[in-house]
Structures are given as C-alpha cells and as structure tokens.
Amino acid sequence: MAKGLLIDMDGVIYGGDILIPGADTFITRLLNENIPFTFMTNNSQRTPLEAVRKLRKLGIEVTENHIYTSAMATAKFLASQVPKGTAYVLGEGGLISSLHDHGITLVDTEPDFVVLGEGRNFTLEMVQRAVDMILAGAKFITTNRDPSPKKKGWNNLGIAATTAMIEEATGIKAFVVGKPGPVMMRSSRKHIGLETADTTVIGDTMDTDIQGGVQMGYRTILVLSGISKNEELKKYAFKPDLVVNSVNDIELPLEWWT
C-alpha cells in the first residue's frame, strides 16, 4: 500500500508570503518520487485554485488535487448529513464554492445549517440573523476554530472569536469540522486514498495538526518553523513521532515506511 503525507501549509511551507527554506525542494522530491500527499489547511477562504497560485508564486508547482481545505471537508460533511440541503453562510469564496460543488443551496431563510468560516465581509446584522436561525433550529457548523494570533494590526477578528460570540448568543455549541477534528483528519486521508496506518501528518502546531494526527492513529512530524516550539512540548500529554527544525530536515523514506 502507498505511504503518504498530509501537510499543513502556513508555518510548514511558508510563513505569510515567505517560503520556508527547503520547502520547495521537499515538495519537488515528493512529486518526483510519486509519494501521495495533500496540503491540509484549515483556511476556508481560499479556493484550491487560489492556494495553488499562492504556492506557484513561491516556486512550488502542484495541482488543485493537492489541496484539501476545511471548506471542502465542511461541504462534504453537510452533503452527507442532508443531501441537497440548505445553508446560511458567514464566509467567503472558498467556502461558498465548495458548498455549491456539493449541492448545498445558499439561502437567507430557514436553512438546514448555519455555516461559519473565516471572513471580513459579514456584518453584525448578518451574525444576528444567524443567531436567530440557530435558535429556530438550524444546525450550527464552523469550518474550524483557529484562534486569532492576538497581534496588533491583525486584519481578521479570528474564527474562534466569532464562533464564541454566536455560541454565547445562542447557548448552542458549534460542530467544528476542521483540524484537529476527526471529520477533516479522516476526510483528508481519504482524499488521497490512504489507509490509517500509512498516513503521516506534517504540521507546525501541537494543538491542531499533531493532536489531530495522534487522535486518528496517524504518524506525526512536528516542524519547528511555525507556531509550536521545542520547549513547549513537555506540557502536552502526547508527542509527535518526529521533531525537526523544518521540512528540509525530513529524510525520505521515513523510518516507519520500511
């Protein structure tokens, strides 16, 4: 059976708009050696094409088939729950297009689901409408629960903050699809046709990529080029199978592939 990788993007391949040294070489090797992989991202704003274009600007040539977003996982999940269902959406491009692709109709009244994704273009009035819909019986779904970086000048409130606001207003907890949740972790693996025992997650965050991988029974690699730092690992009850400074330090084939 094929061995393959689920790879986070921000903090692993790039930081903001800057390529992490060696990341392009690592991805080129995966392509040349036909190692299955997908970029697994909680970002629900970008479409796969937009993600491909960003990577291309950094010197990495992949296809849309190499991208799997929380928007894609959310749309697939909703379609499995209510085929041809309806949704009121607080979100942007990538989420809206994924829902359309899976036969979910966007509506302004009496939806089956209220779906929250990242975005800056929805208003407090729209949030209030979402609250009323949830109180009327719509199921509350959020694409992920990534926190704000809490940095001055950050141009996005953060989906965790918006989720918490709606939860407080309704008294109803959101169902979270994205990492580290099992829905996205499993869906990403199936996207590239891997079995559990043959799947390895590469990520920069203990609380999402690594935790999600451990909970699913995947192998995990933590890179220290992003959020989590080596000195923080002792506070977690779980650990990655491998810790490296960056993807440039990952030797292939992985030792557990033999």
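The paragraphs below set out a description of the structure included in this document. Model, not experiment: these values are computed from the prediction.

The number of helices and strands found in the protein chain is eight helices and 13 strands. In terms of overall dimensions, the protein chain is globule-like: its C-alpha atoms have a radius of gyration of 18 Å, near the 18 Å expected for 258 residues. With respect to the principal axes defined by its C-alpha atoms, the protein chain has extents near 55 × 35 × 35 Å. In the protein chain, buried positions account for 53% of the 258 residues. Sequence-distant contacts, at least 24 apart, represent 67% of the contacts inside the protein chain between residues at least 6 apart. If you sum the accessible surface of the protein chain, you get close to 12,500 Å²; carbon and sulfur atoms cover 51% of it. Side-chain charges in the protein chain split into 26 positive and 30 negative, and the spacing between the mean points of these groups amounts to 2 Å.

Take the pattern of salt bridges next. Inspection of every chain in the model, using the stated rule, returns nine salt bridges. In this structure, the salt-bridge partner of Asp209 is Lys179, at a minimum N-O distance of 2.7 Å. Highlighted residues: Asp209 in helix H8 (residues 206–216) and Lys179 in the loop between strand S10 (175–176) and helix H7 (182–191), separated in sequence by 30 residues. Accessibility classification places Asp209 together with Lys179 in one group, the buried group. Residue Arg219 is joined to Asp241 by a salt bridge in which the shortest nitrogen-to-oxygen separation is 3.2 Å. Taken as a pair, Arg219 in strand S12 (residues 219–223) and Asp241 in the loop between S12 and strand S13 (242–244) lie far apart in primary sequence, 22 residues in all.

For helix H6 (residues 159–170), which comprises 12 residues, the first-to-last C-alpha distance of 16 Å matches the rise-based estimate of 16 Å (1.5 Å per residue) to within 8%. As for H6, its buried residues are in contact with strand S6 (86–90), strand S8 (113–116), helix H5 (124–135) and strand S9 (139–142). At the exit of H6 stands Gly171, carrying a positive phi of roughly 75 degrees.

A two-sided burial pattern is seen for strand S1 (residues 4–7), the buried positions comprising Gly4 and Leu6 on one face and Leu5 and Ile7 on the other. In terms of strand pairing, S1 meets strand S4 (residues 37–41) through three bridges, oriented parallel. Residue pairing across strands places Leu5 opposite Phe37, the latter belonging to S4.

Right, let's talk about the side chain of Thr41 for a bit. Among the structural elements, Thr41 can be located in strand S4. Here the side chain of Thr41 touches Asn43 through a polar contact of 3.1 Å, landing on its backbone nitrogen. Non-local contacts of Thr41, meaning those with residues more than four positions away in its chain, are made with Met9, Tyr68, Thr69, Ser70, Lys179 and Met184.

Rules behind the numbers
Residues numbered from 1 in each chain as written. Predicted model: local features only at pLDDT ≥ 70, side-chain atom pairs only at ≥ 80, totals over all residues. Heavy atoms only, no water. Helix = DSSP H or I, 4+ residues; strand = E, 2+ residues; numbered from the N terminus. Rg over C-alpha atoms; globule rule 2.2 N^0.38 Å. Buried < 20%, exposed > 50% of the residue type's maximum accessible area, 1.4 Å probe, protein only. Contact = heavy atoms within 4.5 Å. Areas by Shrake-Rupley, 256 points an atom, 1.4 Å probe, with all protein chains shown as cover. Lys, Arg positive; Asp, Glu negative; His and termini not counted. Charge placed at Lys NZ, Arg CZ, Asp CG, Glu CD. Salt bridge = Lys/Arg side-chain N within 4 Å of Asp/Glu carboxyl O. Expected span 1.5 Å × (residues − 1). Pairing = 2+ DSSP bridges. Polar contact = N/O pair within 3.5 Å; in protein donor to acceptor, adjacent residues only side chain to side chain.

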